[in-house]
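As a plain string of letters, each chain reads:
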Amino acid sequence: MELAERKKKILSYVIESYIRTGEPVGSKTLISETGLDVSSATVRNDMADLTNKGYLIQPHTSAGRIPTQQGYRYYVDNVMKIKPMSQGSREYIQSVLSQSADSPESILQKAADLIAELTELVTVATTPSSVESRIRKISFVRTGSRTAMVVVMTSNGIIKTKLFRCEFIITDDLLEVFDKALNSLFAGVKLDSINMPFIQTAAAKFGELSLFMPSVLMAIMDSAKQAKETGIFHSSYSALMFMPDSDFIKTRALLEFLNNVHDLAAMLDKMPYGSNVTIGSENSRIELAANSVISTRYTVNSDHSGVIAAVAPLRTDYARIISIIECVAQCTEDLIDELTEI
């Protein structure tokens, strides 16, 4: 429902004032602060109409108004203006993230930490999508006379390692044979394709060399399986305890959900592309019914990939949070792109 310009301005002021102060807004304060050239009675009527339409609520009979979830939704979709981060702020974010730019995982953890620092909100970030991810390179590191470590690098920048043991002495020459033979077979193979039938077929192709391969092939399969799993990095879960109007029982339930990696990853995987705000009961999880989730997807090599999100109270500065998350996401994808360039 489209609102008339004056009512839109009134709703905007009530929401921005409430976000800033946490106090209900009355008609007299609104007129003095906005300079509306109308009477108090007209403003009261407009506020009453916004209340009847579900955008505002009056917590007490003699109090001013505060926004409802519907009010926040209209504000985010139709009124809110997002200001890009300043050049100085962008350079600071780039500098901080660059300090941890040795792997996608470390970049994402730093991104979550940085957003939490700038917003004082709970922040989560997920690893790049593995849907189209492929094996880029396999390397080996000898760790003992009969043990070595396989290092699997994927096209989306994820690196997984797995130790394996053999019943024979492992030499550098043997690892060089493994390196050539296995990279020739696995390079470019999708992670989803690396299962037991694939491993059995691979072993058959090596003839007599397959006698040396079982533990190596199983280590590669395990590493590929780990690389497919969505990794989650989070920061500042303790911030939940200090959110405005926090409720201990609800906060405890939310913490339990956030610590359930499987359910949290499933929810984040369904987040739409671009920036998105889900408010209160719009969230798919009842544990988030009193919160807003502000998220954006970053890309890797132009493909939509992982998610960076903040969990906020309903009364939060949406425009500022979106601006910060978008800037961090852009810097994050730039750094991951550099790591995954061929």
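Thresholds applied
- Sequence positions are assigned chain by chain, starting from 1 and proceeding in written order.
- For a predicted model such as this one, the threshold for reporting local features is a pLDDT of at least 70, and the threshold for listing and counting side-chain atom pairs is 80 or more; totals across whole chains, interfaces and linings nevertheless cover every residue.
- Side-chain metrics in this entry use all non-hydrogen atoms of the structure; hydrogen atoms and water are not considered.
- Strands are runs of DSSP state E lasting at least 2 residues, helices are runs of H or I lasting at least 4, and numbering of each runs from the N terminus.
- Only protein chains enter the accessibility calculation, which uses a 1.4 Å probe; a residue is then buried when its area is under 20% of its type maximum, exposed when over 50%, and partly exposed in between.
- A 1.4 Å probe and the Shrake-Rupley method give the accessible areas. Residues count as covered only by the protein chains that appear here.
- In this description, a line fitted to the C-alpha atoms serves as the axis of each element, helices being fitted only across the stretch in contact, and the angle between N-to-C directions of two axes falls anywhere from 0 to 180 degrees.
- By definition in this entry, angles of less than 35 degrees are roughly parallel, angles greater than 145 are roughly antiparallel, angles of 65 to 115 are roughly perpendicular, and the rest are oblique.
- Only heavy atoms matter for contacts: two residues are in contact if any of them lie within 4.5 Å across the pair.
- Note on residue categories: nonpolar means Ala, Val, Leu, Ile, Met, Phe, Trp, Tyr, Cys or Pro, charged means Asp, Glu, Lys or Arg, and polar means any other residue, Gly included.
- We count a salt bridge whenever a side-chain nitrogen from Lys or Arg sits within 4 Å of a carboxyl oxygen from Asp or Glu.
- Pairs of cysteine sulfur atoms within 2.5 Å are what we label disulfides.
- A pair of strands is treated as paired once DSSP finds two or more bridges between them.
- Patches here: salt-bridge-free residues with over 30% relative accessible area, like charges joined within 9 Å, nonpolar side chains (Val, Leu, Ile, Met, Phe, Trp, Tyr) joined within 5 Å.
- We call a set of buried Ala, Val, Leu, Ile, Met, Phe, Trp, Tyr and Cys residues a nonpolar core when their side-chain atoms join them within 4.5 Å.

S.K.: Would you take a moment to explain the overall build of the protein for this structure?
M.R.: Across its full length, the protein holds twelve helices and ten strands. C-alpha atoms of the protein, sized along the principal axes, occupy 90 × 40 × 30 Å. Buried residues in the protein amount to 49% of all 342 residues. Accessible area of the protein: about 16,800 Å², with a carbon and sulfur share of 51%.

S.K.: Could you clarify how one ought to interpret the packing of helix H1 (residues 5–21) against helix H3 (residues 40–52) in this entry?
M.R.: A pair of packed helices is captured by two measures, namely the crossing angle of their axes and the spacing between those axes. Close contact between H1 and H3 brings their axes to 10 Å; oriented N to C, the two are set at 80 degrees. Between H1 and H3, the interaxial angle falls into the category roughly perpendicular. Packed against H1, whose contacting residues are Arg6, Lys7, Ile10, Leu11 and Val14, the element H3 presents Thr42, Val43, Asp46, Met47, Asp49 and Leu50 at the interface. Broken down by class, the residue content of the contact of H1 with H3 amounts to six nonpolar, one polar and four charged.

S.K.: So what exactly am I meant to see when it comes to the pattern of salt bridges here?
M.R.: When the charged atoms of two side chains with opposite charge come close together, those side chains can pair. This structure, assessed with the given rule, holds 14 salt bridges. The shortest N-O distance in the salt bridge between Lys190 and Glu132 comes to 3.5 Å. With Lys190 in the loop between helix H7 (172–186) and helix H8 (196–205) and Glu132 in the loop between strand E3 (122–126) and strand E4 (135–142), this residue pair connects regions lying 58 residues apart in the sequence. The shortest N-O distance in the salt bridge between Arg285 and Asp263 comes to 3.6 Å. Here Asp263 lies in helix H11 (residues 261–269) and Arg285 lies in the loop between strand E8 (276–279) and strand E9 (291–300), a separation of 22 residues in the sequence. Look at Arg285 and you get partly exposed, because its relative accessible area is 24%. Residue class for Asp263 comes out partly exposed when judged on its relative accessible area of 25%. Residues joined by salt bridges that share partners form a network here, namely Lys7, Asp49 and Lys53.

S.K.: Sorry if this is basic, but what is going on with the state of the cysteines here?
M.R.: Scanning the model with the defined rule gives zero disulfides in all. No disulfide involves Cys327; its nearest neighbouring cysteine sulfur is the one of Cys331, lying 4.5 Å away. The exposure class of Cys327 is buried, given its relative accessible area of 2%. Judged by relative accessible area, Cys331 falls into the buried class, the value being 2%.

S.K.: Quick question: what am I supposed to make of the environment of Val177 here?
M.R.: One can find Val177 in helix H7. A relative accessible area of 38% places Val177 in the partly exposed class. Between the alpha carbons of Val177 and Leu209 there is a distance of 9.5 Å; along the sequence they are 32 residues apart.

S.K.: Would you mind going over the sheet that holds strand E5 (residues 147–154) with me for this structure?
M.R.: Neighbouring strands of a sheet are bound in pairs by backbone hydrogen bonds; such pairs are parallel or else antiparallel. On the basis of which strands lie adjacent, the open sheet formed by three strands has the order E4-E5-E6 and antiparallel pairing. Edge positions in the sheet fall to E4 and strand E6 (159–165), since each of these pairs with one other strand and no more. Taking the axes of each pair of neighbouring strands and ignoring which way they run, one obtains an average angle of 20 degrees across the sheet. Where E4 lies against E5, seven bridges are found, and the strand directions are antiparallel. Residue pairing in the sheet places Phe140 in a bridge with Val150 of E5.

S.K.: Any chance you could explain a nonpolar patch on the surface here in plain terms?
M.R.: Side chains of Met241, Phe242, Phe248 and Ile249 sit close together on the surface and give an oily, nonpolar patch of about 510 Å² of accessible area. Structurally, Phe242 is set in the loop between strand E7 (232–235) and helix H10 (248–258). According to the relative accessible area criterion, Phe242 is exposed, its value standing at 72%.

S.K.: Would you mind showing me how to read the nonpolar core here?
M.R.: One recurring pattern in soluble globular proteins is that nonpolar side chains are buried together. Membership of the largest hydrophobic core comes to 77 residues, with the highest contact counts inside it found for Leu30, Leu264 and Tyr318. The element best represented in this core is helix H12 (residues 318–340), accounting for twelve residues. Not counting chain neighbours up to four residues away, the residues in contact with Leu30 comprise Ile10, Tyr13, Val14, Val25, Gly35, Leu36, Val43 and Met47. Counting 31 residues, the second largest nonpolar core, distinct from the first, contains Ile138, Phe140, Ala202 and Phe206.

S.K.: Just checking my understanding: could you explain the pairing of E3 for this structure?
M.R.: Along a regular strand, successive side chains alternate from one face of the sheet to the other. Of all five residues in E3, five are buried; the element is thus mostly enclosed. Residues Val122, Val124 and Thr126 point to one face of E3 and Thr123 and Ala125 to the other, with burial holding for every one of them. As paired strands, E3 and E7 are joined by four bridges and run antiparallel to one another. Looking at the pairing, Thr126 lines up with Ile232 of E7.

S.K.: Is there a simple way to explain the side chain of Asn291 in this structure?
M.R.: Relative to the elements of secondary structure, Asn291 occurs in strand E9. The class for Asn291 is buried, based on a relative accessible area of 8%. Dropping the residues within four chain positions of it, Asn291 is found in contact with Met243, Leu254, Thr278, Ile279, Gly280, Asn283, Val311, Ala312, Pro313 and Leu314.

S.K.: Looking at this structure, how should I read the pairing of E8?
M.R.: A two-sided burial pattern is seen for E8, the buried positions comprising Asn276 and Thr278 on one face and Val277 and Ile279 on the other. Two strands pair when backbone bridges link them, and E8 and E9 are joined in this way by four bridges, in the antiparallel orientation. Opposite Thr278, over in E9, you have Val293 as the bridge partner.

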